[in-house]
Amino acid sequence: MANLTTSHNLNIDDFRHKILSWYDKHQRTLPWRVPSKGEKGSKSKPNPYYVWLSEIMLQQTTVVTVGPYFHKFIEKWPTVHDLASAIQDDVMHEWAGLGYYARARNLHKCAKVVSEELDGVFPQTQKELEELPGIGGYTSAAVRAIAFNKPANVVDGNIERVMARIYAVTQPMPDSKPRLKELAAGLADDREDRPGDYAQALMDLGSSVCTPKSPRCMLCPVREMCLGYAQGIADTLPARKAKKAKPQKHGHVYWIENKKGEIAFERRDEKEMLGGMLGLPTSNWIEKSEKIEFKDGYEDKKVFITHSFTHFDLKLHIQGSSNIKNAQKDLIWMPKSKLSELGLPTLFKKVVKLMN
Ligand code: SF4
């Protein structure tokens, strides 16, 4: 590691000092964060429940999107015990719209373990944290550093970008991830000098100065240590492989209305996409080349919605029916006037908006 860090004369202590001084002046105000008061430290300590909750919500999701969800959750469930006692359907309902619904199921499972087996106290070691549902390497490092101020190598997308630029790593993502993590470890691992603030400082630098497009290098506290800047290639980093086109899937979504003007919903199987969420009934979602049989008694509404998931794009044609004999038994009927209040995933909100 020493070779890596000295290859362009980066002095680790100087780098960390500059990053932390910048953070003391420019840190973002975030609802789950206790403001840093610099080297003297802050009087109040971060709430591990808030740190864990925010880190789970922030996976694949922006700070701006997470803010209102975080507030809603801590208002409804102020402690990990409250969240553990919640009904899972309520948690899924409040999570609706944040996506990646396995996170919500694991969030609830994790709250139960912390509340019922650990007396509501989050563990502090990386190993114990990673034994909890839904907590992987990144989240355990983030909780350890931010909630408990323990040394940890926290590497999110922002920090990967900063490392790629500081060290001018031209190997494309995602192949370069292990190297970027190793470079970050050389600056972070085992260092007792404000580990929580240091991790958050790099995150903030990445989000507000070392931005994905047009980094604001003139405002950067570590510009003179940045090889990407010196070589004039900062805005091309991290390099990425050309994206493969996403697979296109298609299917039918059923808009079934009974005589009372209620619409049929179902609780999706936990093993499916959007598992555990309330949704309109659908056919299987299959590759574009395969054909889907039309069901008897349904009318093709000649309209469709599209939705993009991380790994595929989806086109669902809407089929309508007012003959509830067509419907399976375990449906949940909702009055049309209440549809806007249901905690539906965005995919189904699009159908409701079109049909209601
Ligand atoms: Fe990022 Fe520019 Fe700072 Fe380098 S100098 S770390 S590219 S903002």
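Below or above, wherever it landed, is the structure these notes cover. On a predicted model such as this, the values are computed, not experimentally measured, just so you know.

Relative to the helices and strands, Ser289 resides in the loop between strand 4 (286–287) and strand 5 (299–308). Judged by its relative accessible area of 73%, Ser289 falls in the exposed class. Distance in space between the C-alpha atoms of Ser289 and Leu58 is 36 Å, their sequence separation being 231 residues.

This part is about the packing of helix 3 (residues 48–58) against helix 7 (residues 102–117). Packing of helix 3 against helix 7 leaves a shortest axis separation of 10 Å and a crossing angle of 160 degrees. The angle between the axes of helix 3 and helix 7 places the two elements in the roughly antiparallel class. The two elements helix 3 and helix 7 meet at a crossing, and its hand is right-handed. Where helix 3 abuts helix 7, its residues Trp52, Leu53, Ile56, Met57 and Leu58 lie against Arg103, Leu107, Cys110 and Ala111. Partitioned by chemical class, the residues of the contact of helix 3 with helix 7 number eight nonpolar, no polar and one charged.

Within the structure, the ligand sits among Arg165, Ile166, Val209, Cys210, Cys217, Cys220, Arg223, Cys226, Tyr229 and Ala234. Looking at the shell around the ligand residue by residue, the class counts come to eight nonpolar, no polar and two charged.

What follows concerns the pairing of strand 6 (residues 313–321). In this structure, strand 1 (residues 248–256) lies alongside strand 6, joined through nine bridges in parallel fashion. Residue pairing in the sheet places Ile256 in a bridge with Ser321 of strand 6. The antiparallel hairpin formed by strand 5 and strand 6 contains four residues in its connecting segment.

A sheet is described by the order of its strands in space; here three strands give the open sequence 3-2-7, paired in antiparallel fashion. Each having just a single partner strand, strand 3 (278–279) and strand 7 (332–335) make up the two edges of the open sheet. As paired strands, strand 2 (residues 262–267) and strand 3 are joined by two bridges and run antiparallel to one another. Pairing of Arg267 across the sheet is with Leu278, part of strand 3.

This next bit is on the pattern of salt bridges. Where side chains of opposite charge bring their charged atoms close, a pairing between them can arise. Following the criterion strictly, the structure yields 20 salt bridges and no others. Across the salt bridge formed by Arg267 and Asp89, the nearest N and O atoms sit 3.5 Å from each other. Highlighted residues: Arg267 in strand 2 and Asp89 in helix 6 (residues 88–95), separated in sequence by 178 residues. Owing to a relative accessible area of 34%, Arg267 belongs among the partly exposed residues under this scheme.

Conventions used here
- Residues numbered from 1 in each chain as written.
- Predicted model: local features only at pLDDT ≥ 70, side-chain atom pairs only at ≥ 80, totals over all residues.
- Heavy atoms only, no water.
- Helix = DSSP H or I, 4+ residues; strand = E, 2+ residues; numbered from the N terminus.
- Buried < 20%, exposed > 50% of the residue type's maximum accessible area, 1.4 Å probe, protein only.
- Axes fitted to C-alpha atoms, helices over the stretch in contact; angles between N-to-C directions.
- Parallel < 35°, antiparallel > 145°, perpendicular 65-115°, else oblique.
- Left-handed = near helix turned anticlockwise from the far one by under 90°.
- Contact = heavy atoms within 4.5 Å.
- Nonpolar A, V, L, I, M, F, W, Y, C, P; charged D, E, K, R; others polar.
- Near = heavy atom within 4 Å.
- Pairing = 2+ DSSP bridges.
- Salt bridge = Lys/Arg side-chain N within 4 Å of Asp/Glu carboxyl O.

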